[in-house]
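Close look at the chain arrangement
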Amino acid sequence: MEQQEIITSKLRRGELMLMEYLWRKKSILSKKEIIEAMKKRYKWRKSTTEILLKRLVKMKTLKKKRIGFQFNYEVLVTKKEYLNARKEDRKVTKYDSFFIRMFTTMHKKEKMTEEQIKAFIESMEKIGRE
């Protein structure tokens, strides 16, 4: 795989189902093959698969290549890369929401002054950099 900026946006259900299929195949597949597989596996219409393929190309998860009269799709982000990116995203979100909840509670309870709020934010920023 070529080094690619890893997607951090969460794949939607249909996108993830399609990517799971492509990750298992581990090869470049034609649009026709993908459409047939999704039709057989999930009873999707051709247009549904086309829309999902288009979204995944736009997210730079797939690469669309034209060979002759046929379009082929190559996976740019491995399953491992995607899962690692999602795991990192969850860690940041978990601590960010914790900080917001904690700060809001303290502010309401303690009736902090503006200087105290600034000092608190600075101390939290120092902890975040460590």
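1. Structural notes on the confidence of the model for the protein chain
- Across the protein chain, the average pLDDT comes to 80, with 72% of residues at 70 or higher.
- Across residues 1-6, where pLDDT falls below 50, the model places 9 contacts with residues more than four positions away in sequence or in other chains.

2. As for the sheet that holds strand 1 (residues 29-30)
- Taken in spatial order, the 3 strands line up as 1-3-2 in an open sheet, and their pairing is antiparallel. With one partner strand each, in any of the chains shown, strand 1 and strand 2 (62-67) form the two edges of the open sheet.
- Relative to strand 3 (residues 70-75), strand 1 is paired through 2 bridges, and the arrangement is antiparallel. Residue pairing across strands places Leu29 opposite Tyr73, the latter belonging to strand 3.

3. Some thoughts on the side chain of Asn72
- Along the chain, the position of Asn72 falls in strand 3.
- The contact partners of Asn72, leaving out residues within four places of it in the chain, are Ile28, Leu29, Ser30, Lys63, Lys64, Lys65 and Ile67.

4. Some thoughts on helix 1 (residues 13-25)
- Its 13 residues place the ends of helix 1 19 Å apart at the C-alpha level, agreeing with the 18 Å of an ideal helix rising 1.5 Å per residue.
- Among the residues of helix 1, those classed as buried are Gly14, Glu15, Met17, Leu18, Met19, Tyr21, Leu22 and Trp23.
- In the segment just after helix 1, Lys26 is the residue with positive phi, at about 50°.

5. Observations concerning the packing of aromatic side chains
- If you walk through the whole model with that rule in mind, you get 2 aromatic pairs.
- Plain terms: the ring middles of Trp23 and Tyr82 are 6.0 Å apart, the flat faces sit at 35° to each other, and that makes the pair tilted. Separated by 59 residues along the polypeptide, Trp23 in helix 1 and Tyr82 in helix 4 (residues 79-110) bring together distant segments of the chain.
- Accessibility expressed as a relative area gives 4% for Tyr82, which makes it buried.
- Over the ring of Phe71 we find Lys64, and its NZ or CZ is 4.3 Å from the ring centre.

6. Observations regarding the pattern of salt bridges
- According to the stated counting rule, one finds 5 salt bridges in the structure shown.
- The partner of Lys79 in a salt bridge is Glu20, and the shortest N-O contact between them spans 3.0 Å. Remark: Glu20 occurs in helix 1 and Lys79 occurs in helix 4; sequence separation between them is 59 residues.
- By relative accessible area, Glu20 is classed as partly exposed at 22%.
- Between Lys31 and Glu50 there is a salt bridge whose closest N-O contact spans 3.4 Å. Taken as a pair, Lys31 in helix 2 (residues 31-42) and Glu50 in helix 3 (residues 46-58) lie far apart in primary sequence, 19 residues in all.
- According to the relative accessible area criterion, Lys31 is partly exposed, its value standing at 22%.
- Because the salt bridges share partners, they merge into one network encompassing Lys31, Lys46 and Glu50.

Quick notes on the rules
Chains are numbered independently. Their residues run from 1 in the order of the written sequence. Whole-chain, interface and lining totals are the exception, using all residues; otherwise, since this is a predicted model, local features are given only for residues with pLDDT of at least 70 and side-chain atom pairs are given and counted only at 80 or more. Think of the side-chain values as coming from all heavy atoms in the structure, minus any hydrogens and water. Every residue carries a pLDDT, the predictor's confidence in it, which falls somewhere between 0 and 100. We call two residues in contact when some of their heavy atoms are within 4.5 Å. When DSSP finds at least two bridges between two strands, those strands are taken to pair. Starting at the N terminus, helices and strands are each numbered in turn, a helix being any DSSP run of H or I of at least four residues and a strand any DSSP run of E of at least two. The length a helix should cover is 1.5 Å for every residue beyond the first. A simple rule labels every residue: compare its accessible area, found with a 1.4 Å probe on the protein chains alone, to the largest value its type can have, and call it buried under 20%, exposed over 50%, or partly exposed in between. Side-chain rings of Phe, Tyr and Trp (the six-membered ring for Trp) are treated as a pair once their centres are within 6.5 Å; stacked means planes under 30 degrees apart, edge-to-face means over 60, and tilted covers the remaining angles. In this scheme, Lys NZ or Arg CZ marks a charge over a ring once it lies within 6 Å of the ring centre and within 35 degrees of the ring normal. When a carboxyl oxygen of Asp or Glu lies within 4 Å of a side-chain nitrogen of Lys or Arg, that pair is called a salt bridge.

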